[in-house]
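# Fold and contact review
Take a look at the letters that make up each chain.
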Amino acid sequence: MKLLALSCNFRCTELSVLERLSLSRERLEALYNGSALGVFSECAVISTCNRVEVYAAGNALSEGIAAKILSENSGVPAEAILKQSEVFSDAAAVAHLFNVAAGLDSRMVGEAEIFGQVKQAYETAFAHGKTGVVLNRVFQKSFQAAKWARTHTGIASGQISVGNVAVELAGRIFGEMERCAVLVVGTGDAGRKTAQAFVSRGAGNVLVASRNFERARAFAAEIGAGAVELDSVSARAIHADIVVGCASVSEPLLSEKTLREILRSRSGKPLFLIDLGMPRNFPSGVASDELWIYGLEDLASIANENLAAREREAFACREEFSRRSERVFARL
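Residues numbered from 1 in each chain as written. Predicted model: local features only at pLDDT ≥ 70, side-chain atom pairs only at ≥ 80, totals over all residues. Heavy atoms only, no water.

### Side note on the overall build of the protein chain
A count of helical and extended segments in the protein chain gives 14 helices and ten strands. The principal-axis extents of the C-alpha atoms in the protein chain amount to approximately 65 × 40 × 35 Å. A total of 332 residues make up the protein chain; the buried ones form 52% of that total. Across the protein chain, contacts joining residues at least 24 apart in sequence account for 73% of those joining residues at least 6 apart. In the form shown here, the protein chain has an accessible surface area of approximately 14,300 Å², with 48% of it arising from carbon and sulfur atoms. Positive and negative side-chain charges of the protein chain, numbering 37 and 38 respectively, have mean locations separated by a distance of 4 Å. (Helix = DSSP H or I, 4+ residues; strand = E, 2+ residues; numbered from the N terminus. Buried < 20%, exposed > 50% of the residue type's maximum accessible area, 1.4 Å probe, protein only. Contact = heavy atoms within 4.5 Å. Areas by Shrake-Rupley, 256 points an atom, 1.4 Å probe, with all protein chains shown as cover. Lys, Arg positive; Asp, Glu negative; His and termini not counted. Charge placed at Lys NZ, Arg CZ, Asp CG, Glu CD.)

### Structural notes on the pattern of salt bridges
As enumerated under the stated definition, the model contains 14 salt bridges in all. In this structure, Arg192 and Glu222 form a salt bridge, with 3.5 Å as the shortest nitrogen-oxygen distance. In this pair, Arg192 sits in helix 9 (residues 189–200) while Glu222 sits in helix 10 (residues 213–223), placing the two residues 30 residues apart along the sequence. Taking the relative accessible area as the measure of exposure, Arg192 reaches 27% and is therefore partly exposed. In this structure Glu222 comes out as exposed when scored by relative accessible area, which is 56%. The partner of Arg323 in a salt bridge is Glu320, with the nearest N and O atoms 3.0 Å apart. Taken as a pair, Arg323 and Glu320 lie in helix 14 (residues 307–330) at a separation of three residues, close to a single helical turn. (Salt bridge = Lys/Arg side-chain N within 4 Å of Asp/Glu carboxyl O.)

### A short note on the side chain of Thr48
Looking at where Thr48 falls in the secondary structure, it is placed in the loop between strand 2 (42–47) and strand 3 (51–57). When sequence neighbours within four positions are dropped, the list of residues in contact with Thr48 reads Ile114, Gln117 and Met278.

Here you go:
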């Protein structure tokens, strides 16, 4: 075996397990700076709201080793990880990465954000010196495959950007966006595209919050929004119509107690929460007629309303990617 991919994703992994496996920027940095990944000649890790994957290249590769590394980093037993994961080897691992980068393996088939997330994951691994001849070629070819799919097929047709779907859902609830106050927490790829989507649809007041206030302020200036400190989120939520959580957090942005206090302070005004985070940004145990909480699965149901047409395109993409992956692997 030259190439291995261990994938824990929304299809095969329980959400509670996926939340524990999820790697924040800090945890990923610690993993790359530690010694655990040194067992592989080359490696790269992808962690998004829907998946945590380890790609490794070398000789005598083992999914058990990859699972053990994730286990040591998360506390989830390696046996449980193996039971709730998919394993791909050699050309099949190449094809899987192609499918991931192109959005074919996403909850929202054909979604656009995953391409940037895969690219960022590769750049992080490369910057830490973890990739080499094999993974450099495989990832570069995956970017080419994803661009081919979006250019030559209809896989990207419809509202399949997470940001666009979030705005579509908000529009179905509130109607016109001009009077809506929107708070987007998180300035990663999903947060940035969601904030941009709300601004482009004419939302009257868009605020951006991030752990790094300077980053939030710089981004907000780019799109014509405002920026606020992360610790002001609960206070700002009292006056918002829509709060979007896209942050990488260890605890929810709003606790159940805080969320109930916010609802009492709003005097019956409805609050719409969109949870795009992993782990989840908002608690799910608060029941109220004035509160709507939607997550990735809800957005996927909207995005996949025209799924049948995109699935036909996806089938053609997968066939092409299978042929491409065989050629790529043969030249490694």
